[in-house]
Amino acid sequence: MKIEVATKQDIPSIAECWVGLRLHQRERQGGQRPSLRGMMRQVERNMEKPHCFYFVAKELDQMVAAAFVRLRSGGRSAHLARAYTVPSHRRKGVMRMLEQAIIEFLRQRRITTLDLTVVPYNREGMATWPTLGYKPTKIVMTKELVY
Ligand SMILES: CC(C)(COP(=O)(O)OP(=O)(O)OC[C@H]1O[C@@H](n2cnc3c(N)ncnc32)[C@H](O)[C@@H]1OP(=O)(O)O)[C@@H](O)C(=O)NCCC(=O)NCCS
């Protein structure tokens, strides 16, 4: 397994992971089917930002997981998002490895806090992050407005 910071060549595979993540979320949230081209454009735009990084895990040159990291300006914290492992490679420690590589990258930049958001009905997400050392620090409450 190879973990690396993504380059432009990885954009299509990252976008596919992102579509997979959106479909996973859509099971509960509904909404439109995400478009691969739209995702590719967003990944490309993000990649151009100096404080944004995509990390990818590859096996035999095939992408099996991806995650996005945004460094906050002027601080010592970063945000982790869009973490996704393809279904065939789940529960094999891939995200654990990817997250470790991200932490090493952040350590070199003296970042001391990494946060993420997860929705409570995301069973895999809720099971993964506490295992990797994340603790809940904020509760966001939402009310559906019915007119
Ligand atoms: C969440 C997700 C990224 C985890 O990726 P993964 O590569 O399977 O995770 P790992 O194999 O590294 O798991 C690390 C630990 O998390 C826990 N874990 C992960 N998935 C779990 C599950 N389905 N049930 C229970 N525990 C789980 C386990 O403790 C695991 O360690 P172990 O297998 O040694 O017991 C993956 O399930 C996924 O892509 N899900 C769909 C998208 C998503 O929900 N992303 C997160 C958004 S917040």
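Quantities reported herein were computed from a predicted structural model and do not represent experimental measurements.

## Structural notes on the site of the ligand
Within the structure, the ligand sits among 20 residues, and Ala 83, Thr 85, Gly 93, Arg 96 and Asn 122 are positioned closest to it. The separation between an oxygen atom of the ligand and a polar main-chain atom of Gly 93 is 2.8 Å. At 3.5 Å from a nitrogen atom of the ligand is found a side-chain nitrogen or oxygen belonging to Thr 128. Taking 900 Å² as the accessible area of the ligand by itself, protein coverage stands at 82%. Mapped by element, the contributors of at least two residues to the shell around the ligand are helix H1 (11-29), strand S4 (77-85), helix H3 (94-108) and helix H4 (123-131). The dominant element in the shell around the ligand, judged by the number of residues it contributes, is H4, at five residues. Here the shell around the ligand is built from residues that sort into eight nonpolar, seven polar and five charged.

## Focus on the environment of Val 94
As for its placement among the helices and strands, Val 94 is situated in helix H3. Between the alpha carbons of Val 94 and Tyr 84 there is a distance of 9.7 Å; along the sequence they are 10 residues apart. Discounting residues that sit within four places of it in the chain, Val 94 has contacts with Met 1, Ala 57, Val 64, Ala 65, Thr 85 and His 89.

## Focus on the pattern of salt bridges
Scanning the entire structure with this criterion turns up seven salt bridges. With its nearest N and O atoms 3.8 Å apart, the salt bridge here joins Glu 124 to Arg 90. Here Glu 124 is found in helix H4, whereas its partner Arg 90 is found in the loop between S4 and H3, with 34 residues between them in sequence. By relative accessible area, which is 30% here, Glu 124 ends up partly exposed.

## Considering the sheet that holds strand S2 (residues 52-59)
Judged by pairing direction, the sheet is mixed, and its five strands sit side by side in the order S1-S2-S3-S4-S5 without closing on themselves. Of all strands in the sheet, those with a lone pairing partner are strand S1 (2-5) and strand S5 (113-115), marking the two edges. Each neighbouring strand pair of the sheet contributes to a mean axis angle of 25°, computed without reference to strand direction. Sheet topology note: the S4/S5 ladder contains three bridges and is parallel. Note on S5: the bridge partner recorded for His 79 is Asp 115.

What counts and how
- Residues numbered from 1 in each chain as written.
- Predicted model: local features only at pLDDT ≥ 70, side-chain atom pairs only at ≥ 80, totals over all residues.
- Heavy atoms only, no water.
- Near = heavy atom within 4 Å.
- Polar contact = N/O pair within 3.5 Å; in protein donor to acceptor, adjacent residues only side chain to side chain.
- Areas by Shrake-Rupley, 256 points an atom, 1.4 Å probe, with all protein chains shown as cover.
- Helix = DSSP H or I, 4+ residues; strand = E, 2+ residues; numbered from the N terminus.
- Nonpolar A, V, L, I, M, F, W, Y, C, P; charged D, E, K, R; others polar.
- Contact = heavy atoms within 4.5 Å.
- Salt bridge = Lys/Arg side-chain N within 4 Å of Asp/Glu carboxyl O.
- Buried < 20%, exposed > 50% of the residue type's maximum accessible area, 1.4 Å probe, protein only.
- Pairing = 2+ DSSP bridges.
- Axes fitted to C-alpha atoms, helices over the stretch in contact; angles between N-to-C directions.

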